[in-house]
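What the coordinates show
Listed below, chain by chain, are the residues.
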Amino acid sequence: MEQNESSQGELESTLKDHANKLVDSLEHGNFAEAIQVIYELNQVRDRGLYQEVGKLTRELHNAIVNFQIDIHGKHAQEMSQINDATHRLNYVVEMTEKAANRTMDLVELSAPLVNGLSDEAQQLREEWGRFMRREINADGFRDLAKKVDSFLGRVDQDSSQLSSYLNDILLAQDFQDLTGQVIKRVTALVTEVESNLVKLVMMASHVDRFAGIEHDQAALKAEAEQQKVSSQGEGPQMHADKRDDVVSGQVDVDDLLSSLGF
Amino acid sequence: MKILIVDDFSTMRRIIKNLLRDLGFTNTSEADDGTTALPMLQSGSFDFLVTDWNMPGMTGIDLLRAVRADERLKNLPVLMVTAEAKRDQIIEAAQAGVNGYVVKPFTAQVLKEKIDKIFERVNG
């Protein structure tokens, strides 16, 4: 970077010197000298430009090395870390989907057990009430006693089954640890790639300066904005509680809709 | 009551299906985006549509617009269940004629509330 600044400084001071010399020569009618000055100016600019393009090329090469892409290899695509990250993220999607399905399987297995116990308990309670009100005879009581006995057996069996389902539901959450690690690694890679890209853009801007290229930032921004089509959907919003353009929950949605006459 | 659930993630469809079953709605079908949902709606006599917004192929908002533009479907009650949380988007959905809007993550209670409200209005 220091080297860049010095070469930029050199360009500027040469420009100033030569500009004065050029005006001088022209005022004195010395056209041959003026042409010579212009030639020298061109040379300084070209030299700077070549230097910057050279640096940019080197930097690009370094970036490629940093991304660990073997550009000469046959399997360049598979070798890249980005590709690896894609695989890793797909793994996260698979793991989370599997865990969600496993959890729902277990919930769907548990629900009928709970419902069955609750139904039978309700039925027994009614019969027990009749017994307490002395509304059943000896045969009825023997029948009720049998039912209570079988119910107690069922509670014992089903509750141990339920407890094992609950345990499995707990275990199905172990994906969080694995996916968390994967996502952290990918996040680190994205940050690294971004900082490398920023470096490249900085290098490229030095080339722009020597070449006298100017970009219409406003037009570029407008173009990027235009490509954002809201109906495509954006997915979950981050920091919703700190933003005005985003609702932070169902209460906000309901308020907004009722303000629209819903 | 026949309900169509549209979401590109099978787990989300399963969650909604289970919640609806708890609420007593057992006749449900599923589609993974608007492109597959629209012909199902046009050929099957659905009474209610629950859709996500962000899906590949045809999005939920486009599906909603297609439903409202269809002479036979235009009165179908539509509940949007989505992660899209921008005010502009909710206004867009309201203008497109949505009957209810639930943001993810949501609770069984919220889903029940919105569905009750929609049918209260449709039947009232």
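Before any of the text, the structure's been laid out above.
Report on the accompanying structure. Every chain is numbered independently, its residues counted from 1 as its sequence is written. Lettering of chains starts at A and numbering of ligands starts at 1, both following the order in which they are written. It should be noted that, the model being predicted, local features are given only for residues of pLDDT at least 70 and side-chain atom pairs only at 80 or more, the latter also being counted only at that level, while totals for whole chains, interfaces and linings use all residues. With hydrogens and water set aside, each side-chain value is computed from the structure's full complement of heavy atoms.

At the interface, 28 residues of chain A touch 29 residues of chain B. When chain A packs against chain B, the two sides together hide about 2,500 Å² of surface, and 54% of this comes from carbon and sulfur. Salt bridge, as applied in this entry: a Lys or Arg side-chain nitrogen positioned within 4 Å of an Asp or Glu carboxyl oxygen. In this structure, the connection of chain A to chain B is made through five salt bridges. Between E108 of chain A and R14 of chain B there is a salt bridge, with its nearest N and O atoms 3.2 Å apart. Residue contacts are counted whenever heavy atoms from the two residues lie within 4.5 Å of one another. Note: buried area is the sum, over both parts, of the accessible area (probe 1.4 Å) each one loses when the two are combined.

With that settled, consider the environment of Q161 of chain A. All names here are of chain A. Secondary structure counts use DSSP, requiring at least four H or I residues in a row for a helix and at least two E residues in a row for a strand, with both numbered from the N terminus. Structurally, the position occupied by Q161 is in helix α5 (residues 138-171). Partly exposed residues are those whose accessible area sits between 20% and 50% of the maximum for their type, while under 20% is buried and over 50% is exposed, using a 1.4 Å probe and protein chains only. Classification of Q161 as partly exposed rests on a relative accessible area of 33%. Here the alpha-carbon distance between Q161 and V44, two residues 117 residues apart in the chain, equals 84 Å.

Residue and element names in this part refer to chain B. Strand pairing is defined by DSSP finding a minimum of two bridges between the two strands. Strand order in the open sheet made by the five strands is β2-β1-β3-β4-β5, with parallel pairing throughout. Only two strands of the sheet have a single partner each, and these edge strands are β2 (28-31) and β5 (100-103). Sheet twist, expressed as the mean angle between neighbouring strand axes with direction ignored, is 20°. With four bridges connecting them, strand β4 (residues 78-82) and β5 associate as parallel partners. Across the sheet, M80 pairs through a bridge with Y101, a residue of β5. Note on geometry: axes are lines fitted to C-alpha atoms, helical ones only across the stretch in contact, with angles between N-to-C directions running from 0 to 180 degrees.

Further remarks concern the packing of helix α3 (residues 60-69) of chain B against helix α4 (residues 87-96) of chain B. All names here are of chain B. Put simply, α3 and α4 touch, their axes get as near as 9 Å, and they point 15° apart. Overall, the two elements α3 and α4 adopt an arrangement that is roughly parallel. The handedness of the crossing between α3 and α4 is left-handed. Contacts between α3 and α4 pair I61, L64, R65 and R68 from the former with E92, A93 and A96 from the latter. In terms of residue class, the contact of α3 with α4 is made up of four nonpolar, no polar and three charged. Any angle that falls under 35 degrees is termed roughly parallel, while one over 145 is termed roughly antiparallel, one within 65 to 115 roughly perpendicular, and all others oblique. Two helices that cross are described as forming a left-handed crossing if the nearer one is turned anticlockwise from the farther one by less than a right angle, and a right-handed crossing if clockwise. For this scheme, ten residues count as nonpolar: Ala, Val, Leu, Ile, Met, Phe, Trp, Tyr, Cys and Pro. Four count as charged, namely Asp, Glu, Lys and Arg, and the remainder, Gly too, count as polar.

A word on the side chain of D52 of chain B. All names here are of chain B. Here D52 is to be found in the loop between β3 (48-51) and α3. Judged by relative accessible area, D52 falls into the buried class, the value being 5%. Polar contacts, as counted here, are pairs of nitrogen or oxygen atoms within 3.5 Å of one another; within protein the pair requires one atom able to donate a hydrogen and one able to accept it, and residues that are adjacent in sequence qualify only if both atoms are side-chain atoms. A distance of 3.5 Å separates the side chain of D52 from the side chain of K104, its partner in a polar contact. With residues up to four places along the chain from it excluded, the contact list for D52 reads V6, D7, D8, G60, M80, V81, T82 and K104.

Turning our attention to the nonpolar core. Residue and element names in this part refer to chain B. One finds L4, V6, L41, L49, L63, V67 and Y101 to be the most contacted residues of the largest nonpolar core, which totals 32 residues. Excluding residues that lie within four positions of it along the chain, L4 makes contacts with S29, E30, A31, A37, M40, L41, F46, F48, L49 and V50. Nine residue types can take part in a nonpolar core, namely buried Ala, Val, Leu, Ile, Met, Phe, Trp, Tyr and Cys, and a core is a set of them joined through side-chain atoms within 4.5 Å. Core analysis: the next-biggest nonpolar cluster, separate from the first, contains 18 residues, F106, L111, I115 and I118 among them.

This part is about the pattern of salt bridges. According to the stated counting rule, one finds 24 salt bridges over all chains in the structure shown. For K104 of chain B, the salt bridge identified is with D52 of chain B, shortest N-O distance 3.5 Å. Within this pair, whereas K104 of chain B is found in the loop between β5 and α5 (108-123), its partner D52 of chain B is found in the loop between β3 and α3, the two being separated by 52 residues in sequence. One connected set of salt bridges, linked through shared partners, spans D105 and E108 of chain A together with R14 of chain B.

The quantities given are spatial measurements derived from coordinates; they are silent on function.
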